[in-house]
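Residue strings, one per chain:
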Amino acid sequence: MDNEIQLISDGDGLAVIGHPAAVERFLVSEGLPSTDLGLPRLGSVLSAGAAAAQAGSTIAAHSGRWVQLTKESAQVVHKYGLMQSKTPGVSHAMVGQPGSIQKWLQISSKGPGAIAGNPALLAGAAGIMAQLAMQQSMKEITDYLARIDEKVDDVLRAQKDAVLARMIGVGFIIEETMTIREARGRVDEVTWSKVQGAPMTIAETQAYALRQLDALAEKLERKTTIGDLAKAAKEAESKGQEWLAVLARCFQLQDAIAVLELDRVLDASPSELDGHRLGLRTARQNRQELISRCTERLLARMEAAAGRANAKVLLNPMDSPAVVKSSNHVSTAIIEFHGRLGIEGDRQSSEARRWTDAAMEVRDKALETGADGVGVAKRLGNDTLGRAKWATGKLSSRIAERTLRRRGDDEERDEKS
């Protein structure tokens, strides 16, 4: 019917299917941006027979739009109470505007043309939705690489490693194959043969980049002096961003391969589409977890380095803040990287203690403790003030003057008593 639509969600996106006018009304009423679902492609999952003919006519008469699941669109899914279907991870509902009622209401999901009643169609829709979600992720990674102003090709070309050189070539081939896919609307055997060996090269490059990040983390852990720690932190800041870019490119190309795989299965073995979709989803989550563990280790080492630097800020007024600054830059870069790859996590940047704050803290503690404080002030003068005099000469002078004045007052009281 013209006033009914079907909603399908796979956890990453929402498909809105129905008469073109009804779909448009619904999206406008909910304020949801969308992209074309590519509904005609579902025709390849239908078998011969009357049921297939009816489903085919339904597809031809309907329009499909895809909405990325965000905080706002997820509220729509919740509002209309989508019910779990027999297809794993996929929920479905039908909504309409019965009579003169303008509000969209949930209605029976068992009517004629309901996709939920055709497992093959529902699996096909879920496969196409998975492709669109991964293509959206690929676009976000492209934006990420452009925004950090270090395009991955520039980073890779600066490297001498054969592993990275091979990935550059694989990237060109995958992009060419995606272009052919867009032009033809499918991935045939010849097109697929171009990229069959690509996953191994990409996985090899990903492993290499992860090892480089682990090496940066281990180097931070081995440093004992704040000066050496500052150098290691600076290296982690510069090199870490580059290897994050390489990992982002790997993830992007792996998503592209998955899109091509789903097209190939849809074309050659549509009955296996749902199982393949679920397998790709699990593999993608495993990659996210692997990358998350590695980058979390680097985050932990950087935060530990910042903690050590803050503890030594009084003795190292230049190197300690530099360590914290590098730590904050690395943390910010990793958090943004996680967001682009859909990795959950939240970190707060460390706050560097100013040298003067640390010096005043020691000074106040010294002046409050009387005779013991004089001893502390002496040690402060012998061990610290000489080293920091160039940075806070006036402050050091005031500390020394007040300490000596206090000591003189104490001696005068002692003589009188």
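Within every chain, residues take consecutive numbers counted from 1 along the sequence as written. With pLDDT at 70 or above as the cut-off, local features in this predicted model cover only qualifying residues; side-chain atom pairs require 80 or more to be listed or tallied, and sums for whole chains, interfaces and linings still use all residues. Each side-chain value is worked out from all heavy atoms of the structure, with water and hydrogens disregarded.

## Quick look at the overall build of the chain
Only DSSP runs of H or I with at least four residues qualify as helices, and only runs of E with at least two residues qualify as strands; both kinds are numbered from the N terminus onward. Looking only at helices and strands, one finds 14 helices and seven strands in the chain. Across the 417 residues in the chain, those meeting the buried criterion constitute 46%. Note on definitions: a residue-residue contact is assigned when non-hydrogen atoms from the two residues lie within 4.5 Å. In the chain, the share of contacts with a sequence separation of at least 24, taken over all contacts with a separation of at least 6, comes to 74%. The buried label applies to any residue whose accessible area, calculated with a 1.4 Å probe on protein chains only, is under 20% of its type's maximum; exposed applies above 50%, and partly exposed to all values in between.

## What about the side chain of Gln135?
For Gln135, the position within the fold is in helix H4 (residues 119-147). In contact with Gln135, not counting residues within four places along its chain, are Met178, Arg181, Glu182 and Val259.

## What about the pairing of strand S4 (residues 63-68)?
Note: two strands are recorded as paired if DSSP finds a minimum of 2 bridges between them. With six bridges joining them, strand S2 (residues 13-18) and S4 adopt antiparallel strand pairing. Bridge assignment links Leu14 to a residue of S4, and that residue is Val67. In terms of strand pairing, strand S3 (residues 35-36) meets S4 through two bridges, oriented antiparallel. Paired with Asp36 across the strands is Arg65, a residue of S4.

## Digging into the packing of H4 against helix H9 (residues 226-268)
Between N-to-C directions, angles cover 0 to 180 degrees, with each direction set by a line fitted to C-alpha atoms, over the stretch in contact for helices. The interhelical angle for the contact between H4 and H9, taken along N-to-C directions, is 155°, at an axis separation of 9 Å. Here H4 lies roughly antiparallel to H9, going by the angle between them. The chirality of how H4 crosses H9 is left-handed. Here Gly127, Ala130, Gln131, Met134, Gln135, Ser137, Met138, Ile141, Thr142, Tyr144 and Leu145 of H4 come into contact with H9, specifically with Gln241, Leu244, Ala245, Ala248, Phe251, Gln252, Asp255, Ala256, Ala258, Val259, Leu262 and Asp263. Nonpolar residues are Ala, Val, Leu, Ile, Met, Phe, Trp, Tyr, Cys and Pro. Charged residues are Asp, Glu, Lys and Arg, and all others, Gly as well, are polar. The residue makeup of the contact of H4 with H9, split by class, is 14 nonpolar, seven polar and two charged. The cut-offs work like this: below 35 degrees is roughly parallel, past 145 is roughly antiparallel, 65 to 115 is roughly perpendicular, and the gaps in between are oblique. Note on convention: the crossing is left-handed when the near helix lies turned anticlockwise from the far helix by less than a right angle, right-handed when the turn is clockwise.

## Describing the pairing of strand S6 (residues 91-96)
Of all six residues making up S6, six are buried, and the element is well covered by its neighbours. Residues Ser91, Ala93 and Val95 point to one face of S6 and His92, Met94 and Gly96 to the other, with burial holding for every one of them. As defined by bridge partners, strand S1 (residues 4-9) adjoins S6 across six bridges and the pair is classed as antiparallel. Within S6, the residue paired with Glu4 across the bridge is Gly96. Both strand S5 (residues 83-84) and S6 contribute to a ladder of two bridges, which runs antiparallel. Among the inter-strand pairings, Met83 is bridged to a residue of S6, identified as His92.

## Some remarks on the packing of aromatic side chains
To pair, rings of Phe, Tyr and Trp, with the six-membered ring standing in for Trp, must have centres within 6.5 Å; the planes then decide the type, stacked if under 30 degrees apart, edge-to-face if over 60, and tilted in the middle. Enumeration over the complete set of coordinates arrives at three aromatic pairs. Judged by centre distance (5.7 Å) and plane angle (50°), the ring pair of Phe26 and Tyr80 falls under tilted. Of this pair, Phe26 sits in helix H1 (residues 20-30) while Tyr80 sits in the loop between helix H3 (71-79) and S5; the two residues are 54 residues apart in sequence, bridging distant segments of the chain. Ring geometry for Tyr144 versus Phe337: centroids 6.3 Å apart, planes at 55°, classification tilted. In this pair, Tyr144 is assigned in helix H4 and Phe337 in helix H11 (residues 319-341), connecting sequence segments 193 residues apart. A relative accessible area of 1% places Tyr144 in the buried class. Above the ring of Phe251, the side-chain terminus of Arg287 is found at 5.3 Å from the ring centroid. Counting as a charge over the ring demands two things of the Lys NZ or Arg CZ atom: a distance within 6 Å of the ring centre and an angle within 35 degrees of the ring normal.

## Overview of the nonpolar core
Judged by nonpolar contacts, the single largest core of 85 residues is most densely connected at Ile8, Leu37, Ile174 and Leu298. Breaking this core down by element, the ones donating at least two residues are S2, H4, helix H6 (162-184), helix H8 (198-222), H9, helix H10 (273-311) and H11. For this core, the leading source of residues is H9, giving 23 residues. With near-sequence residues (within four places) excluded, Leu298 lies in contact with Leu213, Leu216, Ala217, Leu220, Val330 and Ile334. Nonpolar cores were defined as sets of buried Ala, Val, Leu, Ile, Met, Phe, Trp, Tyr and Cys residues, with membership established by side-chain atoms within 4.5 Å.

## With respect to the side chain of Thr87
Within the secondary structure, Thr87 sits in the loop between S5 and S6. You can call Thr87 buried: its relative accessible area is 5%. Those residues in contact with Thr87, other than ones at most four positions away along the chain, are Pro119, Leu122, Ala123, Asp274 and Arg277.

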